[in-house]
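# Fold and contact review
If you want the building blocks of each chain, they are given just below.
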Amino acid sequence: MRIYLIAVGSRLDGWVYQGYEEFAKRLPPDCALHLIEIPALKRGKNADIERITREEGRKVLAAIPKGAKVIALDVQGPQHSTQALARKLDAWLQGGQDVALLVGGPEGLADDCLACAQEKWSLSKLTLPHPLVRIVVAEQIYRAWSILNHHPYHR
């Protein structure tokens, strides 16, 4: 099983890539986390934000691997405890189906992405900068994996 983190935004600060990679590299091949970046479209003073979000959403949907379970990261979704996420990860691993986690740009995910998702997941009621979401997701996936494998990372 592979987990694809499909995120709007590219050419981000180095700390974002370092933070993400620190946790992604710790995961074993049977629970690999792969980042797919969708370049954010330019947002100017009079930008048509609805059109931009729709276009980014179209590109996100095109990047979803065939047959993957789609989970949209969205503030309206349920929040999970770390233990609950570990149980979800275990179910994903047992099911063997790839998982695609969708992260939108500054305005969130397009409606088409939300409609396509089989599940939604909210990391927090707080508004998080979308680059930081990558690191939080990678760390939480690693933490969930460490719980399932009785690794001392989660104490």
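Here the structure is a predicted model, which is why all the values come from computation and not from measurement.

### With respect to the overall build of the chain
- In terms of helices and strands, the chain carries 5 helices and 5 strands.
- Going from the N terminus to the C terminus, the chain shows its helices and strands as β-α-β-α-β-α-β-α-β-α.
- Across its three principal directions, the C-alpha atoms of the chain cover 50 × 30 × 30 Å.
- Counting the 155 residues in the chain, one finds 46% classified as buried.
- Residue pairs at least 24 apart in sequence account for 82% of intrachain contacts in the chain once pairs closer than 6 positions are excluded.
- When the accessible surface of the chain is split by element, carbon and sulfur atoms take 50% of a total near 8400 Å².
- The positive charge centre, built from 20 side chains, and the negative charge centre, built from 17, are 1 Å apart in the chain.

### Considerations on the pairing of strand 2 (residues 32-38)
- Relative to strand 2, strand 1 (residues 2-8) runs parallel, the two being bridged by 7 bridges. Directly across from Tyr4, in strand 2, lies its bridge partner His34.
- The parallel pair strand 1 and strand 2, bridged by helix 1 (residues 14-24), forms a crossover whose chirality is right-handed.

### What about the nonpolar core?
- Core analysis: the biggest nonpolar cluster contains 28 residues, and Ile3, Leu33, Leu89, Trp92 and Leu101 have the highest contact counts within it.
- Looking at this core, the elements with two or more residues in it are strand 1, helix 1, strand 3 (69-73), helix 3 (82-95), strand 4 (99-103) and helix 5 (130-148).
- Within the second largest apolar cluster, 16 residues are counted, among which are Ile38, Ala100, Leu102 and Leu109.

### Some points on unusual backbone geometry
- For Arg11, which is not glycine, the phi torsion reads 55° and is therefore positive.
- Topologically, Arg11 is positioned in the loop between strand 1 and helix 1.
- Of note, the phi angle at His150 is positive, near 55°, even though the residue is not glycine.
- With respect to the helices and strands, the residue His150 is situated in the segment after helix 5.

### Digging into the packing of helix 1 against helix 5
- Closest axis-to-axis distance for the helix 1/helix 5 pair is 8 Å, and the angle between their directions is 10°. As far as their axial angle goes, helix 5 and helix 1 are roughly parallel. Once helix 1 is placed against helix 5, the crossing between them reads as left-handed. Only Pro131, Leu132, Arg134, Ile135, Ala138, Glu139 and Tyr142 of helix 5 make contact with helix 1, whose side of the interface consists of Trp15, Val16, Tyr17, Gly19, Tyr20, Phe23 and Ala24.
- Residues of the contact of helix 1 with helix 5, tallied by class, amount to 11 nonpolar, 1 polar and 2 charged.

### Some details on helix 2 (residues 49-63)
- A rise of 1.5 Å per residue sets the reference length of helix 2, with its 15 residues, at 21 Å; its end C-alpha atoms lie 21 Å apart and thus fit the reference within 8%.
- Of all the positions in helix 2, only Ile52, Thr53, Glu56, Gly57 and Val60 are classed as buried. Viewed end-on, helix 2 has its buried residues packed into an arc of 135°, placing them on one side of the element. Seen from the buried face of helix 2, the exposed residues on the opposite side, beyond 90 degrees, are Glu50 and Ala62.
- Each element contacted by the buried residues of helix 2 is listed here: strand 1, strand 2, strand 4 and helix 4 (111-116).

Thresholds applied
In this convention, every chain numbers its residues from 1, walking through the sequence in written order. Whole-chain, interface and lining totals are the exception, using all residues; otherwise, since this is a predicted model, local features are given only for residues with pLDDT of at least 70 and side-chain atom pairs are given and counted only at 80 or more. The basis for every side-chain value is the complete set of heavy atoms in the structure, and neither hydrogens nor water enter the calculation. Note on conventions: DSSP H or I runs of at least 4 residues are helices, E runs of at least 2 residues are strands, and numbering of each starts at the N terminus. Relative accessibility decides the category of a residue: with a 1.4 Å probe and only protein chains considered, values under 20% of the type maximum give buried, values over 50% give exposed, and everything between is partly exposed. The criterion used for residue contact is that any of the two residues' heavy atoms lie within 4.5 Å. Surface exposure here means Shrake-Rupley accessible area, sampled with a 1.4 Å probe, where a residue is shielded only by the protein chains that are shown. When charges are tallied, Lys and Arg are placed among the positive residues and Asp and Glu among the negative ones, while His and the ends of the chain are skipped. To locate a charge, take NZ of a lysine, CZ of an arginine, CG of an aspartate or CD of a glutamate. In this scheme, strands are said to pair when DSSP sees at least two bridges between them. Handedness is read with the strands pointing away from the viewer; a crossover is right-handed when the path from the first strand over the helix to the second is clockwise. Residues grouped as a nonpolar core are buried Ala, Val, Leu, Ile, Met, Phe, Trp, Tyr and Cys residues, joined through side-chain atoms within 4.5 Å. Convention adopted: a line fitted to C-alpha atoms gives each axis, helices being fitted over their contacting stretch, and angles between N-to-C directions are expressed from 0 to 180 degrees. Should an angle fall under 35 degrees it is taken as roughly parallel, and over 145 as roughly antiparallel, whereas 65 to 115 is taken as roughly perpendicular and any remaining angle as oblique. Two helices crossing with the near one rotated counterclockwise from the far one by less than a right angle form a left-handed crossing, whereas a clockwise rotation gives a right-handed crossing. Residues are sorted three ways: Asp, Glu, Lys and Arg are charged, Ala, Val, Leu, Ile, Met, Phe, Trp, Tyr, Cys and Pro are nonpolar, and all the rest, Gly among them, are polar. For a helix, the expected span equals 1.5 Å multiplied by the residue count minus one. Picture the helix axis, draw a direction to every C-beta atom, and the arc is the one those directions span.

Purely geometric numbers; function is a separate question.
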